[in-house]
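Next come the chains, spelled out residue by residue.
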Amino acid sequence: MTLELGLFVVLAAVAIAGAISLILARHPIRSALSLIVVMVALAGLYLLQGADFIAAVQVIVYAGAIMVLFVFVIMLLNAGEEERTSWSRMAHYAGIPLAIYLTVQFAWWVADGASALGLPTAPAESESTRRLAHLLFREFVLPFELTAILILVAILGTVVLGRRES
Amino acid sequence: MVSPSYYLTLSAILFGLGVIGFLFKRNVITLFMSIELMLNAVNLAFVTFSRQWSELSGQVYVFFVIIVAAAEAAVGLAIIILLARNRQTLNVERINLLKL
Amino acid sequence: MTLFEAHPLLLVALVKTGILLFLALTAVAYLSWFERKVVGHIQSRLGPYRVGPHGLLQPLADGLKFLFKEGVEPQGADRLVYYLAPFLALSLALSGLAVIPFGPAEVEIFGVRTTLAVAEVELGLLFLFAITALGVYGVALAGWASNSKYALMGGLRSSAQMISYEISLTLSVIGVVLLAGSFNLREIVAAQQGYWFGAVPRWFLIPQLVGFLCYFTSAIAETNRAPFDLPEAETELVAGFHTEYSSFQFAMFFMAEYTAMVITSCLATLLFLGGWESPLPTTGAWAWTVYLPTVVLSGGCVLLLVDALRHHRGWARGVLALLGVLLGGAAWAVAQPAIHPLVQGPFWFLTKVFLLLFVYVWVRGTLPRFRYDKLMAFGWKVLLPVATLNALVTALVVLLRESGSLAGGLR
């Protein structure tokens, strides 16, 4: 059991535990915390695969800003525990086994198909940030500028939506 | 060396768990978080394939997915706040009328 | 073969972490003493002086008090989150210390040559920003889990302030990254070597003065220190997000805040003040400056001995005299040629960090508090545009400089 495999198993176990906790938790703040745990575990997995910059961006942007937004909204709306209605109980008894079967089958197909892939050809490169920046600002400069406009539109939309009707 | 099929299986499991959360949870914010979980699972698949074929543009796609998820989360949460204000509930089963 | 024999670096990392944790927690405890003394003297009073000579045992007394105090848990508080929040704040703050390099030298621990940093991370600067980004959760969750109006308001305000100033914090540092060409903290310090005109050190403080001021202001706001401490000031929202915490959890928040102060000061030193580079040249006519650590330590020894013999009686006199003798011994040890080059880097690094911490405390004792809406307006409407402009202008200058020397543009 190499160190890399050991780290993978630990991080994967944490990610799956977080995802299951997201589904099973009754209070939305616990779900939010579980999702943050999943994101940090995924950042660790990105690091394990040599994607340093993406791991940092995942923690700074996704876990550190987007999830803060979620936590704020949950706190502001004072979301309480989920209620169990008759519809939701029926859905649970009938649907959960089927959904679990579908997930396991999907994972099985992926594992089956992906086992044909060999190990990665080249080792994880260093200086990946510099090469990533070259890619981002040359081949992908148009999508980059478009996402800037997208964020501007999102800001405007949020401000308009958040205005109180007077 | 960890085979990429392990990462892809993990990605599939997380995606499946996200779908389960989306279908079975009642709180609208938790639904949204399940969507984010699905996006994260897809990001993991992108990074895995980017390493598999030494194609750095996979990481660029992850970058864009994160940015778009940020914009989507902002607008989506603003809509959720409006929804909570107008319907006084966060339970999707009770938000079933187009007009109050 | 045990895990440690297969991976000796793990054992070395553990040892370094242990040493660093011990030093950091002691430093944080005595930073609180330092702050109380300095703020006291600014306000024409003495600060703590009863518990031990010059109040030096005050942190110890406070620590004991926190340990033995009753922990009160508010009714209806979410227990998991309530106990998790201070733990999260403190552990995140302490893990930021892992990537800070203290000097250029290499030491040998258990036969393995390592550097003076717990972890050498290629993207060290981004790691520190990630830690800062996650630090918001400690505050937000603490405010929410306390099931109290004051705590919730304080927590929301405090975390909103933290995420707002985090943006200008990150942007103000982009200029330094552009000038140094790397996110690696060692390379950023290495880019600040040398002197202009043989006399002025090449620290990024001079070309990036605006960046430094933006960074320092954002850092004060990010760590919720005065004058940006409205969400946790005693006269305002009771005590903000840590209202409902007592005993050891409060101590954890307290330590987390001081540790964040130390980390931002260390980062400012590395990025803007040349890290471990000496401001004075060390060659030629200035070769005597390499003995400055010895001079400082022996000065401290003399001060302590004089103070012990003149002003104190009984056991205080003994303890202070002992400390003075220890400092004298350290001064002698540092002057030995074997240990000598090892100490140079950390000495200058710690001196600069100490100066920045003094500025933090000085600013707290001097400036009045910002009102919350003015605080947010300042962050978004003043610091963010200034930091962005700084990044833009620096990028332009770097581009013009490089395109002048590279043929054919940016290939």
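Not measured: the values here are computed from a predicted model.

Colleague: So what about the overall build of chain A? Which residues, and what values?
Modeller: A tally of regular secondary structure across chain A gives six helices and zero strands. Traced from its N-terminal end to its C-terminal end, chain A shows the element sequence α-α-α-α-α-α. Looking at chain A residue by residue over its 166 residues, the buried ones come to 42%. Intrachain contacts of chain A at a sequence separation of at least 6 include 58% that bridge at least 24 residues.

Colleague: I'd like to hear about the interface of chain A and chain B, residue by residue, with values.
Modeller: By a widespread convention, an interface's size corresponds to the accessible area lost as its parts come together. Counting residues at the interface gives 80 residues for chain A, matched by 69 residues for chain B. Taken together, both faces of the contact between chain A and chain B bury some 7,000 Å²; the carbon and sulfur share is 76%. Remark: the boundary between chain A and chain B carries four residue pairs in polar contact (both at pLDDT 80 or more). Looking at the side of chain A that touches chain B, the element that brings in the most residues is helix α4 (residues 86-114) of chain A, giving 14 residues. Across the side of chain A that touches chain B, the residue classes tally to 58 nonpolar, 16 polar and six charged.

Colleague: Describe the packing of aromatic side chains, with residues and values.
Modeller: Under the definition given, this model contains 28 aromatic pairs over all chains. On the basis of an interplanar angle of 65 degrees and a centroid distance of 5.4 Å, the ring pair of F212 of chain C and F272 of chain C is categorised as edge-to-face. On the criterion of sequence distance, the pair formed by F212 of chain C in helix α8 (residues 209-222) and F272 of chain C in helix α9 (residues 247-272) is long-range, its members being 60 residues apart. Between the aromatic rings of F347 of chain C and W348 of chain C, the centroid separation amounts to 5.2 Å while the plane-to-plane angle is 65 degrees, which identifies the pairing as edge-to-face. Per residue, the accessibility class of F347 of chain C equals that of W348 of chain C, and both read buried. Every member of this aromatic cluster is reached through a ring pair, and the members are F53 and F140 of chain A together with F46, Y61, F63 and F64 of chain B. Positioned over the ring face of F66 of chain C is K65 of chain C, at 4.8 Å from the centre of the ring. The ring centre of Y372 of chain C lies 5.0 Å from the NZ or CZ of R157 of chain C, which sits over that ring.

Colleague: An account of the pattern of salt bridges is needed here, citing residue identities and associated values.
Modeller: In this structure the tally under the stated criterion is eight salt bridges over all chains. Residue E93 of chain B is joined to R26 of chain B by a salt bridge in which the shortest nitrogen-to-oxygen separation is 2.3 Å. Residue E93 of chain B is located in the segment after α3 (57-87), and its partner R26 of chain B is located in the loop between α1 (4-24) and α2 (28-52); the two are separated by 67 residues in the primary sequence. Of the two residues, E93 of chain B and R26 of chain B, both sit in the buried class. Members of the salt-bridge network, linked through shared partners, are E35, R225, E257 and R364 of chain C.

Colleague: Can you tell me about the interface of chain A and chain C, naming the residues and giving the values?
Modeller: Between chain A and chain C, the residue contacts involve 22 residues of the former and 25 residues of the latter. Together, the buried faces of chain A and chain C total about 2,100 Å²; carbon and sulfur atoms form 76% of this surface. In terms of surface lost to chain C, no three residues of chain A exceed I60, F72 and M75 of chain A, which account for 27% of the buried area on that side. Inspection of the chain A/chain C interface yields three residue pairs in polar contact (both at pLDDT 80 or more). Of all the secondary structure elements, the ones that give two or more residues to the side of chain A that touches chain C are α2 (28-48), α3 (52-77) and α5 (128-137) of chain A. With 13 residues, α3 of chain A is the single largest residue contributor to the side of chain A that touches chain C. Residue composition of the side of chain A that touches chain C, by class: 15 nonpolar, three polar and four charged.

Colleague: Describe in detail the nonpolar core, supporting the description with residues and values.
Modeller: Counting residues in each nonpolar core, the largest one holds 165 residues, and the members touching the most others are L45, M67 and F70 of chain A, I29 and M33 of chain B together with L125 and L271 of chain C. The element best represented in this core is α3 of chain A, accounting for 18 residues. Apart from the residues lying within four places of it in its own chain, the contact partners of L45 of chain A are F8 and L11 of chain A together with Y7, L10 and L44 of chain B.

Colleague: Can you lay out the confidence of the model for chain B for me, pointing to particular residues and giving the numbers?
Modeller: Reading predicted coordinates in detail is not appropriate for stretches of low pLDDT. Residues and elements named next belong to chain B. Of all residues in chain B, 99% have pLDDT values of 70 or greater, and the mean over the chain is 90. Averaged pLDDT values for the elements of chain B fall to 91 in α1 and rise to 94 in α2. Interface confidence for the predicted complex, given as ipTM, is 0.92, next to a pTM of 0.90.

Colleague: Tell me what's going on with the packing of helix α2 (residues 8-42) of chain C against helix α3 (residues 58-68) of chain C, and back it up with residues and numbers.
Modeller: Residue and element names in this part refer to chain C. For the pair α2 and α3, interaxial distance at closest approach is 8 Å and the crossing angle is 120 degrees. Crossing of α2 over α3 shows right-handed handedness. Taken together, the residues of α3 that come into contact with α2 (itself represented by A29, Y30, S32, W33 and R36) are Q58, P59 and D62. Here the contact of α2 with α3 is built from residues that sort into four nonpolar, two polar and two charged.

The rules behind each value
Along each chain, residues carry numbers from 1 onward, in the same order as the chain's sequence is written. Both sets of labels track the order of writing: A upward for chains, 1 upward for ligands. In keeping with the predicted nature of the model, local features appear solely for residues at pLDDT of at least 70, side-chain atom pairs appear and are counted solely at 80 or more, and the whole-chain, interface and lining totals rest on all residues. Values reported for side chains reflect all heavy atoms of the structure, with hydrogen atoms and water molecules removed beforehand. Under the scheme used here, helices are H or I runs from DSSP no shorter than 4 residues and strands are E runs no shorter than 2 residues, and both carry numbers assigned from the N terminus. For each residue, the accessible area found with a 1.4 Å probe, counting protein chains only, is set against the maximum for its type, and the residue is called buried under 20%, exposed over 50%, and partly exposed in between. Two residues qualify as a contact provided that any one of their heavy atoms is within 4.5 Å of a heavy atom in the partner residue. Accessible-area loss on putting two parts together, using a 1.4 Å probe and summing over both, is the definition of buried area adopted here. Throughout this description, a polar contact denotes any pair of N or O atoms lying within 3.5 Å of each other; where both atoms belong to protein, one of them has to be capable of donating a hydrogen while the other can accept it, and for residues adjacent in sequence the pair is counted only when both atoms sit in side chains. Following the grouping adopted for this structure description, the nonpolar residues are Ala, Val, Leu, Ile, Met, Phe, Trp, Tyr, Cys and Pro, the charged ones are Asp, Glu, Lys and Arg, and the polar ones are all others, Gly among them. Centre distance within 6.5 Å is the pairing criterion for rings of Phe, Tyr and Trp, where only the six-membered ring of Trp is used; planes under 30 degrees apart are then read as stacked, over 60 as edge-to-face, and the remainder as tilted. Charge over a ring is defined by NZ of Lys or CZ of Arg lying within 6 Å of the ring centre and within 35 degrees of the ring normal. Note on definitions: salt bridges are taken to be side-chain nitrogens of Lys or Arg within 4 Å of carboxyl oxygens of Asp or Glu. By convention a nonpolar core is built from buried Ala, Val, Leu, Ile, Met, Phe, Trp, Tyr and Cys residues, the set being connected through side-chain atoms within 4.5 Å. You can read pLDDT as the predictor saying how much it trusts each residue, on a scale of 0 to 100. Under this scheme, a helix contributes an axis fitted over its contacting stretch, all axes are lines through C-alpha atoms, and angles between N-to-C directions fall in the 0 to 180 degree range. Left-handed describes a crossing whose near helix is turned anticlockwise from the far helix by less than a right angle; the clockwise case is right-handed.

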